[in-house]
Amino acid sequence: MKKNLINTIVAMLISLWAFAQTTVTGVVRSAADNSPLSDVTVKIKGMNIASGTGPDGSFRILLTEKNSILVFSHVGFKSQECKIDSAVKESLLIFLEKNALALKEVIVSNGYQDLQQQNSVGSFDKIDNTALDRSTDANIINRLENITGGLYFSKVKSQQEIFIRGLSTIRANTQPLLVVDNFPYEGDINNINPSDVESITVLKDAAAASIWGARAGNGVIVITTKKGKYNQRARIILNTSVTWQRKPDLFADPNFMNPTDFINVEQFLFDQGFYNAALNNTSTRPLVSPVVEILLKKRNGLISPAQSDSMINILRNIDVRNDYEKYFYRNQVDQQYSLGLSGGSANLNYYINFGYDKSLSALVGNNTERASLNSVTNFKPFKKLEIQAGINYSVNRSTLNGISAINPGSGKSNLYPYAKLADENGNPLPVEKDYRMSYLDTAGSGLLLDWKYRPLDELNFADNTAQSNDLTLQVGLKLNLTKKLLFEIRGELENTFQEEKNYSSVQTYTARNIINRFSQRTASGIKRNVPYGGILDYATGRLAAYGLRSQLSYNTEWLTGHHLNILAGAEIREAHTLTNNGRTYGYNNDLLTYSNVDYITNFTLYGNLGSGAIPNPAGYSDILNRYVSLYSNLTYSFKERYFLFGSARKDASNLFGVSSNNRGTPLWSSGAAWQLSQEPFYRLKWMPFLKLRFTYGFSGNVDNSMSALPKIVYMAAMSPTNLPSAIAGTPPNPDLKWEKVRMINMGIDFVLRNERISGSIEYYSKNATNLLSPAPVDPTLGVTQFTKNVANLSGKGVDLNLNIHWTDKIFKWESGLLFSYVSNKVTRYLIESSNKGSYAGLGYTITPIEGQDPYAIISYRWAGLDSLGDPKGYLNKTISKDYSNMVRTTSWDDMVIQGTSRPPLYGSLINTVSWKGISLSFGFAFRFQYYFRKNSINYYSLFNSWIMNRDFENRWQKPGDEWITNVPAMSYPANSNRDKFYLYSEATVLKGDLFRLQDLRITYDFPDLKLAKRALKKLQLYTYINNIGILWRANKEHLDPDYGGNLPPQTSFSFGIKTEF
Amino acid sequence: MSAFFVTSCKKFLDAKTDKKLVVPSTIQDAQAILDNYSTLNTYYYPLGAQSDDDYFLSDTYYNSTDENSRNYYVWYKDAVINNAWNYMYQVIVNANVALETLAKIQPQQSTVNDWKQAKGAALFFRAYAHYQVAQYYASPYDKNIASEKLGIPLRLTSDINEPTVRSSLEETWQQIISDYKEAASLLPVTSSPVSRPSRSAAYAALARTYLDMDDFVSAGKYADSSLQLYNKLLDYNSLNPAASAPFSRFNTEVLFNTVMLGPGALLINNARIDSLLYTSYDLNDLRRSLFFQSNGPGTYGFKGNYDGTSNNAANFNGLAVDEVYLVRAECNARMGNVASAMDDLNTLLIKRWKSGTFVPYTALDAEDALNKILQERRKELLFRGIRWFDLRRLNKDPRFAKTLIRKVNGQLFELPPNDKRYTFFIPESVIALTGIQQNERY
């Protein structure tokens, strides 16, 4: 009915024309709402002449022949043809009808070219800024979590790691390549303001990533920043948000003990004489706890048993966690602001954005500020030439004065749990550090500086700052040499300057301690070898990187539906990192004066605490990485049904000590796709879009630190010889090869009728060969590890991505499901350790064993506790308590591999319901089939280092307990092998599976602002709640397996406003 | 044009990745490797010092310390510290890299002395580390059976493709001797600082080595050669007995400085000195106050470390003139030259006693001289790791054989003379990766 109407209108218009002029003008509008359509392709059928519509929907095209047919096409709309057989007098009015299959035109970027996802064969995952802005994380990469398929965020180590489709290498650097606007980003990701990001494309398979060659082995993440558009009115965008997060709950931390238990242990050890060595030590004066001092006074008859008990009982009621929470922590508040301006005329567009973020971290004294300026201008001086210039400048400033934990030194890792940091009036109290407090009370007879350590003073006097400035300049030039040939040249300069300053004024313990240690008694008083004054530690780093690329692309199509695109280019790149750090003694921050010290003499420390030279942590480094690459790729398609793809790349780098012909590696990939739904025979009406994809290819990993020649590493001259020195580095490896990752990807993209369900399912398999790994070697060779091409790794997996529109009326409900399965296996590993017990671990790091998952959790076989509370294991398949041999010469028979610490099954489900301007979205995340090792009590560490664990409460205490607990009895003397056996046994491995409610977002858009002629075009209010909680978990101990030894983050609440003028 | 591109591209990629990385090619590079004090001079494990009778531990300390210290203390068969082996071979590989670097250099007139010094030092370090390994992991040298007994793996190249095999005991000691001898022919007479080997140190090392091989003629000869070049002794009267570390690092008596790592059990407060040993020092013997400090009632700790580090955190185990005097004295005594033997002993001891109080020792005969010299050797070379080597060699002679006894928590542990436990186990990882034969089980 509608179609007829349009045809009628067109026919009426046509009848008015006479073929007198050669130029046709007109306007294209959407049939649905009459709105003008921009970017509609207007082509003369059968000729290679095309034009497009502007933002107002208007077009202009020159006709060379009469009886031409104009073809109007636009993604998401049905193409329409219009016959023109006479001279045109008036402007055409064309209405395009929405395609039943309203596929959005998705442009993905691989960092070298923009591609239409619909026409590509590779596995690209594009996340636009609407999805990215769901989260309010200040780190743009973190926002990808749970909204990107096949991406796994591991937070078990202190440094977060990201894995695209599992593991491709087993060395330290398993992280994907990060590309920002065409060039690899060498700086700190925190320098990028998320409000500048237009979209992120994750390149997952060989065909997508192979253009990055030898750096693409771990996958590639391409960030595209915002730019202006031609013919667009000026827009001002102002966004702001505030995030509030409660301070951590230290009482939920398993790595604490209640003070009474700790005191009971100390009393027990005291009676065993455990502290005698420390108490009798009159040289290094190791610290002992207040309880031990009280017990000593009792033993020496200075106080009565009753006095001792009452003093200790007071301590039993103190829990240092209260003070930590009160003085060291606060609720975190993060603020983000951005103000942007963008727009464009016919031949110039611009984007400029200013961002300011401020974070008051949960640690009192840790604050971060980031200011960023990002600007991109595109300019077309001639029709055939486009010039782009971009500048990004960001300043990050932080103070890092916070104290998260007190390290008492003298072999102790934690403070005893009954410490008090302040008195009733909040005045700082001293706690034990480095030396015995009773010694410090008398040491120096008043000649030394105060030697007490008061944590709250340290917090107040600390002056640790870090600043980084990052400047990135980009210039690009696009020249259409002919209609089919495009020449591009692009250059980038990145300059980062980082500076850290830790100033310890003479009020700080750090300075006072060093000054006192290097003081010497003389007849007349005291001689200070480290002068009175502050100590300044500084570190600076400078990164200078540049990249230069030129490429030619040839784009042609024939009438019969053939389309060919060829791209070829060359690139050079250099990243130069310089760092230096050092220390100044006797530094005065106000006058900038300092003093000199003697770094060579071996001084006897004050009071015979030891001996040593004055520490001089000066150091310099100078690292240069250079790459030269040649690349090309080719895309061919026929009738938008069949797609072929091929790419090749050769990389070379300044690999050290390698002859130049071994410096490069050629890598290639290929692929094909078939858009089945375009076939004339395709009849499935319920599935209007169906596409099959297949790719095969190689990418790689490069490590410039390897060497094929013998090398030595120079070191600074040091006490006592003060001579320059060097050390023979790892032995030469003439057989060094580049790591290679082969990847096969098969995918199906589909859209069901009315776009009710759309999505993709992909299967991939990876085979990584020649992987470099530090392998144990015969120590008689002078090294215990040697990095060689020793390993192969295979991986396979499935990524499922489903979008479901349950209802699409006034009330909308849609769901996005991401589901990934990944499995990795070490298929070859040349050298296996003789002691299999050495593989028992947390599963956080890679344990390469042939046939196993690289993140397998490997444990000593567990045979329960015996009637004495001793753990039982196996030695040569028989139950044993010979702990020393059980951990020293363990065979596979006495070990168990329980599973992997990386979930093979994981994903997310995001449900969004909206009604009018209100939208509510909640995200679930789930992870299955994985394990984790909980931390538990280590008696040796408890006694010697005050490392605690709440499992102490569940330890075996009396016969019969062996039926209800796996925690061994406390034993004395402590047997570290017994502890090790228990900690790395099956008994401490738990199933990790969980289902969590990750986040919730409520958005309200003030409606109808667009139509009204107001300055304010858009106003959105939102709230975002993150880390809401675990709905179900397999472990019964209420542990969150995804954060390793760290406390899981508290729930955070964000509020934000987005406006557009 | 394309040729230009290729050359400039090559040049671009020839740049070094890390400025600190160097393919060693100059004499300076070799010397820098050999001046790496930390790696070459400070990673000597006190396996012997932990097992010898210079010290004992209290039960409470024994119970509170770590397993390795406990194991070495009671000669437990499973006592093993992998790094004791690893670090010595690290020294050897560094020496080999230096030697291979120097082998490629044709020294000029102006550099020949530097070249010789570096080469001599590399050979010296290689021998010095091989010696340590041999004294821990191979049975004591006995020339009658040395060709049949297993020695240690000798690494004479840095090539990692060269398999690790155990040489015979004879080959082991001959390699040590020949490296030291070649080193002596190349090194300067003395060195500064004494972290660097010298000819006098090489001769002293040869004297020590031959002594352990029971070749007293050669030992005496090299001790003499060393003393000819350098024979300065510290006068203990000039030292401050109140100081916590009375001896300074690189003092005039030191020929070559290396130190041992300091496990907790050997720290001054924990390692107690045998009271009989302590009381054997005369009241006028300055060593009584310079070597020992009171550690509470009736117990003493050792502070006579020649390295100047206090608290025994790193005890001197290098070569010093006092040891060379004692070697020459012992050899003379064994060869019947009683007068020269006692002369050497008295030359040393007069510097150890309070001025004016020393009455020179005399000996009735060679046997008496030897006994006195060995007794003074015991009292002079404490906590240097030498005691363990002396136990190994002297046990072969029934006159000096000694059974070591430890009493721990009421339990007695014994180490009879020539026990197999005088030879430690080679780390399991080495056995597993190379297939070389483990030392005998017991």
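Thresholds applied
- Residues numbered from 1 in each chain as written.
- Chains lettered and ligands numbered in written order.
- Predicted model: local features only at pLDDT ≥ 70, side-chain atom pairs only at ≥ 80, totals over all residues.
- Heavy atoms only, no water.
- Buried < 20%, exposed > 50% of the residue type's maximum accessible area, 1.4 Å probe, protein only.
- Helix = DSSP H or I, 4+ residues; strand = E, 2+ residues; numbered from the N terminus.
- Pairing = 2+ DSSP bridges.
- Axes fitted to C-alpha atoms, helices over the stretch in contact; angles between N-to-C directions.
- Parallel < 35°, antiparallel > 145°, perpendicular 65-115°, else oblique.
- Left-handed = near helix turned anticlockwise from the far one by under 90°.
- Contact = heavy atoms within 4.5 Å.
- Polar contact = N/O pair within 3.5 Å; in protein donor to acceptor, adjacent residues only side chain to side chain.
- Patch = residues over 30% accessible without salt bridge, like charges linked within 9 Å, V, L, I, M, F, W, Y side chains within 5 Å.
- Areas by Shrake-Rupley, 256 points an atom, 1.4 Å probe, with all protein chains shown as cover.
- Salt bridge = Lys/Arg side-chain N within 4 Å of Asp/Glu carboxyl O.
- Buried area = accessible area lost by both parts, 1.4 Å probe.
- Nonpolar A, V, L, I, M, F, W, Y, C, P; charged D, E, K, R; others polar.

*Asks:* Break down helix α11 (residues 509–517) of chain A for me, citing the residues and quoting the values.
*Replies:* With respect to burial, α11 of chain A is a largely interior element, 7 of its 9 residues being buried. All buried positions along α11 of chain A are accounted for by Tyr509, Ala511, Arg512, Asn513, Ile514, Ile515 and Asn516 of chain A.

*Asks:* Outline the pairing of strand β25 (residues 525–528) of chain A, listing residues and values.
*Replies:* All names here are of chain A. Across 4 bridges, strand β24 (residues 519–522) lies against β25 in antiparallel orientation. Bridging across to β25, Arg521 finds its partner in Ile526. Where β24 folds back on β25, the antiparallel hairpin that results is connected by 2 residues.

*Asks:* Pulling in residues and values, what's your account of the packing of helix α8 (residues 112–137) of chain B against helix α9 (residues 169–186) of chain B?
*Replies:* Residues and elements named next belong to chain B. Two elements in contact, α8 and α9, have axes separated by 8 Å at closest approach and are oriented at 155°. As summarised for this structure, α8 and α9 are arranged roughly antiparallel, according to the angle between their axes. Where α8 crosses over α9, the handedness of that crossing is left-handed.

*Asks:* Can you tell me about the environment of Ser859 of chain A, naming the residues and giving the values?
*Replies:* Residues and elements named next belong to chain A. Along the chain, Ser859 falls in strand β41 (residues 856–860). Ser859 gets classed as buried once you look at its relative accessible area, which sits at 0%. Spatially, the C-alpha atoms of Ser859 and Glu986 are 5.3 Å apart, while their sequence positions differ by 127 residues. With residues up to four places along the chain from it excluded, the contact list for Ser859 reads Asp894, Met895, Val896, Gln898, Arg933, Tyr984, Ser985, Glu986 and Val989. For Ser859, the side chain forms a polar contact with the side chain of Gln898, separated by 2.7 Å. At a separation of 2.8 Å, a polar atom in the side chain of Ser859 contacts the side chain of Arg933.

*Asks:* Any details on a nonpolar patch on the surface? Residues and values, ideally.
*Replies:* Residue and element names in this part refer to chain A. On the surface, Trp806, Ile810, Phe811, Trp813, Trp915, Ile918, Ile1002, Tyr1004, Phe1006, Leu1021 and Ile1057 cluster together to form a nonpolar patch covering roughly 1,000 Å² of accessible area. Listed by contribution, the elements that provide at least two residues to the nonpolar patch are β40 (811–829) and β49 (994–1005). Relative to the helices and strands, Leu1021 resides in strand β50 (residues 1018–1033).

*Asks:* So, the sheet that holds strand β10 (residues 124–128) of chain A: which residues are in play, and what are the values?
*Replies:* Residue and element names in this part refer to chain A. Strand order in the open sheet formed by 5 strands is β10-β15-β16-β13-β14, with mixed pairing between adjacent strands. Of all strands in the sheet, those with a lone pairing partner are β10 and β14 (183–184), marking the two edges. Strand direction decides the pairing type here: strand β15 (residues 197–203) and strand β16 (residues 220–225), joined by 6 bridges, are antiparallel. Counterpart to Ser199 in the pairing with β16 is Thr224.

*Asks:* If you had to explain the interface of chain B and chain A to someone new, which residues and values would you point to?
*Replies:* Contacts between the two partners involve 68 residues from chain B, matched on the other side by 77 residues from chain A. A buried area of about 5,800 Å², summed over both sides, lies between chain B and chain A, and 58% of it is on carbon and sulfur atoms. Looking only at chain B, the three residues that lose the most surface to chain A are Phe12, Leu13 and Thr17 of chain B, adding up to 13% of its buried area. Linking chain B with chain A are 19 residue pairs in polar contact (both at pLDDT 80 or more), by the criterion used here. Examining the composition of the side of chain B that touches chain A, we find that 7 residues originate from one element, helix α7 (residues 82–103) of chain B, more than from any other. Among the residues making up the side of chain B that touches chain A, the classes are represented as 26 nonpolar, 23 polar and 19 charged. Here strand β35 (residues 712–715) of chain A pairs with strand β1 (residues 21–22) of chain B via 2 bridges, running antiparallel. By the bridge assignment, Val713 of chain A is partnered in β1 of chain B with Leu21 of chain B.

Everything listed here is a matter of geometry and, on its own, says nothing about what the molecule does.
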